[in-house]
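Survey of secondary and tertiary structure
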Amino acid sequence: MGIIGLFATAIFGVPIGILGAGFEQKIADKEDESMEDEDEDDSVEPIRDEMQFGIQATCYRFVNGIGSTAASLFELLIYSLIILTVVIGIVQTLPGYEDLFQPLESMAVFIFTLEYIIRLVGVGADYTFTSGSKGCLRFRIDFIFSFYSVIDLLAILPSYLAYCMPGSWFDEHDEYFRMLRLFRLLKLDKYFPSISLIDDVLRLKRGVITTSCLAAGTLWILFTGLMYLAENQDVSMDISDLPLYGCNTDCKMATRYKNFFTSFPLTGIHLTGDYPMTEYGAAGRVVCFFMVIAAVGVVSVPSGLIASGFAEIVQSKVQRKQQHSAELVNAGDDWFEIKYRELQGIPPPPSMFGQRMDQLQIVVHEYLDGKENAETGVTERTLVSKIGRVSFFTLIMANVFAVIIESIPEVDRYIGNEPGNFFDVFEEVSVLFFTVEYLLRLFSASKSRNALYSPWVYSITFFGLVDLISIAPWYIELYLQSTGHFHGDVAKIFRIVRIFRVLQLEDFIVAFSKLDNVFRASKAVLQATGLMALIIWVGASALFFLFERNNPNFRVCDASVPLIGSSTLEPGCYDFQSTDECNAHYEGMCHQAAFTNMPNTMFYVAVFLGGDWGFVDFTWKGKIVCMFLCVAGIALYAIPVGTLFDSFGAVIGLCDQEEMDEEDGGEEENEIP
């Protein structure tokens, strides 16, 4: 199965991907190139003269973090409160935590209200609303009904309505208004535009999206009809009970496909490439086969276009903002890379302890990292250095293997847990070797350009920290044993921490040490796409929680509780409107299998967004959310990961290019007579 997962699945997906890519290319060929006409003027909006507008300009600058430390701190406070109140809203869905942190929520509402008032006062200095000949009242009305203003109002109005009208309809639907707090994430869009860029994306790709949506929609409808015809009479295999659909026992696939509308979201899930339901009859399986071959690649085109268009818009805005910079640096470079290039060709500084110390440090450095050939630029190693490098690699792999097999209970029992067992001795030998290696690197760092000729730089950068992490836990464990604070749970933690020694393989292959460069290279795009993904995740989770938390299809009751009651005095598991009502009648005998609270729901939605649908029997409201995720949500959610992969490839490519340039430079110097 592992071989199938690694190779066969990818190979089988090639024709599907080619079909989808070819379809997109054909549409793109017919689309007129009009990106220049669609480019927006991203120049900074002018702020009205402060002398003329006085308090309005002051409020505008303050609330937008412009011109003073206080304004920047206020903007940071708003960021923090948005994240804090979203987390509070999630935690308050857990039983017993409904009123936790309520004073913080009240404080946040007050600050958000103050922010809104300041924005309303300062709108007179905002060129977006005051351009033209609008009167004072008109541009404030425009502001109140603008996108960001509506989001700001949704963040505070529910709290005031619930406070002013206790016991009213607002209190009865308190859970819905609690979930509105989560939409405060949209407030971040004014600082890191994401949702507001969707209209730009639709304009940029309108022709391609229109055509591909028509094709994808046609295939979706066609295959929904075929699945309905194939399965609406299918009673060949049993499935789980579906009381929401009118089936309490002995349910068949025909229950799910009883009409075209119930078939539509299920077919949409299959068109994303996921098949959580496989209990089909022969006809249904034939339709699914052709769905995989002919439709999945094409139906994924619209969502791929939206995702790629979004990434293009964000990237183009980032590039325009960076055009003013005259300094040419590589993607993701920071102080280390810049300083590293500056040191090219510069010899290491002499030691304060004399020439002998210099020679000893150079010998140690060449043993650890080899010596760069001045003529070819290639790193060369002595036989002793090669043996040491191979031994180091072998020891790292052996440590990782030891941690893995030690976690197997049978192996652990066979070896025994008495002091001085094989794993303990092996750990002591490994720590001794790694400690010596760490000290030698500290000692020779002043002769290593990779450490910028500084032991301190080595100790605070990736390689130094990884080398320290590989040995520090053992010494901490030794200290805890001596003080009597070392018990079973702590020992297990320290055993597992040793797995991080795998990061020492970075000495052999560049990977994780470039992650900080990757994040810096894609920082601007990640801010927008990451916020988009977060909003989709949290927003979809909130909707699934509200719509599915009492879905009887996911309700499980004790065997002593009847599924359907014989009378109103003895109702059954599926007769209650909510699981809480069921538990009130049958105490502790009813529970919901999924969507019980926000953390639980966010886990399942994260799985859905990964393209794996563990649940499909939703309410009609949940099916609408499901179809949105199938059409666009999954693709948009995946953009940040794609951005990281692109940046990672770019950063690694630049590293390889720099090495090649250095080697070529060395060869050219040697050719000069």
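The structure displayed is predicted, hence computed values, not measured ones. (Residues numbered from 1 in each chain as written. Predicted model: local features only at pLDDT ≥ 70, side-chain atom pairs only at ≥ 80, totals over all residues. Heavy atoms only, no water.)

1. Brief notes about the overall build of the chain
Across its full length, the chain carries 30 helices and six strands. Here the chain holds 673 residues, and the buried ones make up 41% of them. Taking the intrachain contacts of the chain between residues at least 6 apart in sequence as the baseline, contacts between residues at least 24 apart amount to 71%. By element, 65% of the accessible surface of the chain is carried by carbon and sulfur atoms, the whole surface being about 36700 Å². (Helix = DSSP H or I, 4+ residues; strand = E, 2+ residues; numbered from the N terminus. Buried < 20%, exposed > 50% of the residue type's maximum accessible area, 1.4 Å probe, protein only. Contact = heavy atoms within 4.5 Å. Areas by Shrake-Rupley, 256 points an atom, 1.4 Å probe, with all protein chains shown as cover.)

2. A look at the packing of helix α18 (residues 355-369) against helix α21 (residues 422-444)
Packing of α18 against α21 brings their axes to within 9 Å, and their N-to-C directions diverge by 130°. Taken together, the axis directions place α18 and α21 in an arrangement best described as oblique. Of the two elements, α18 crosses α21, and the hand of that crossing is left-handed. Facing α18, whose interface residues are M357, L360, Q361, V364, H365, L368 and D369, α21 presents E437, L440, R441, F443 and S444. Residues of the contact of α18 with α21, tallied by class, amount to six nonpolar, three polar and three charged. (Axes fitted to C-alpha atoms, helices over the stretch in contact; angles between N-to-C directions. Parallel < 35°, antiparallel > 145°, perpendicular 65-115°, else oblique. Left-handed = near helix turned anticlockwise from the far one by under 90°. Nonpolar A, V, L, I, M, F, W, Y, C, P; charged D, E, K, R; others polar.)

3. So, the environment of K252
Residue position: K252 is located in strand β2 (residues 251-252). Spatially, the C-alpha atoms of K252 and S236 are 7.2 Å apart, while their sequence positions differ by 16 residues. Excluding residues that lie within four positions of it along the chain, K252 makes contacts with D234, V235, M237, D238 and I239.

4. Concerning helix α4 (residues 55-63)
Turning to α4, its buried residues number three or more, namely Q56, A57, C59, Y60 and V63. End-on, the buried residues of α4 take up no more than an arc of 165°, which puts them together on one face. Looking one or two places after α4, you find G65, whose phi comes out positive at around 70°. (Arc of directions from axis to C-beta.)

5. Some points on a nonpolar patch on the surface
Taken together, the side chains of L84, Y97, L100, F101, L104 and M107 define a hydrophobic patch exposed on the protein surface, amounting to about 480 Å² of accessible area. Relative accessible area serves as the criterion here: at 41%, Y97 is assigned to the partly exposed category. (Patch = residues over 30% accessible without salt bridge, like charges linked within 9 Å, V, L, I, M, F, W, Y side chains within 5 Å. Salt bridge = Lys/Arg side-chain N within 4 Å of Asp/Glu carboxyl O.)

6. Some words on the packing of α4 against helix α6 (residues 102-122)
At a minimum axis distance of 7 Å, the contact between α4 and α6 shows a crossing angle of 135°. Of the possible angle classes, the one that applies to α4 and α6 is oblique. Where α4 crosses over α6, the two elements pack in a sense that is left-handed. Between α4 and α6, the residues in contact are Q56, C59, Y60, F62 and V63 and E115, I118, R119, V121 and G122, respectively. Grouping the amino acids of the contact of α4 with α6 by side-chain chemistry returns six nonpolar, two polar and two charged.

7. So, unusual backbone geometry
Positive phi, close to 50°, is recorded for D250, a residue that is not glycine. For D250, a relative accessible area of 63% translates into the label exposed. Positive phi outside glycine occurs at Y453, with the angle close to 60°. Tracing the sequence through the fold places Y453 in the loop between α21 and α22 (455-460). A relative accessible area of 14% means that Y453 is categorised as buried.

8. A few points about α6
The end-to-end C-alpha distance of α6 is 30 Å, a good match for the 30 Å that 21 residues give at a rise of 1.5 Å each. The complete set of buried residues in α6 reads E105, A108, V109, I111, F112, T113, E115, Y116, I118, R119 and G122. Those residues of α6 hidden inside the fold are in contact with α4, α5 (69-91), α8 (136-144) and α9 (147-164). (Expected span 1.5 Å × (residues − 1).)

9. Concerning the nonpolar core
Grouped together as the largest cluster of nonpolar side chains are 44 residues, with contacts concentrated most on F544, F595, F608, W613, F615 and F618. The set of elements that each furnish at least two residues to this core consists of α13 (206-231), α15 (260-271), α16 (282-322), α27 (523-548), α29 (598-609) and α30 (620-671). If you tally residues by element for this core, the top one is α30, at nine residues. If sequence neighbours within four positions are ignored, F618 has contacts with L244, Y245, F544, E548, N551, F554, F595, F608, W613, K623 and C626. (Core = buried A, V, L, I, M, F, W, Y, C linked by side-chain atoms within 4.5 Å.)

10. Some points on the state of the cysteines
Evaluation of the coordinates by the stated rule reveals three disulfides. Residue pairing for C557: its cysteine sulfur links by disulfide to C573, the two sulfurs lying 1.9 Å apart. With the S-S dihedral at roughly 75°, the linkage between C557 and C573 falls on the right-handed side. With a gap of 16 residues between them, C557 in strand β5 (residues 555-557) and C573 in the loop between β5 and α28 (579-585) connect regions that are remote in the sequence. Side by side, C557 and C573 carry an identical accessibility label, which is buried. Through a disulfide, C582 is tied to C590; the S-S separation comes to 2.0 Å. Torsion about the S-S bond of the C582 and C590 cystine: about -55°, corresponding to left-handed handedness. Grouping residues by exposure puts C582 and C590 together as buried. Once the disulfide-bonded cysteines of the chain are ranked by sequence position, their pairing pattern turns out to be 1-2, 3-4, 5-6. In this model C626 remains outside any disulfide bridge; the closest cysteine sulfur is found in C630, 4.2 Å from its own. (Disulfide = S-S within 2.5 Å.)

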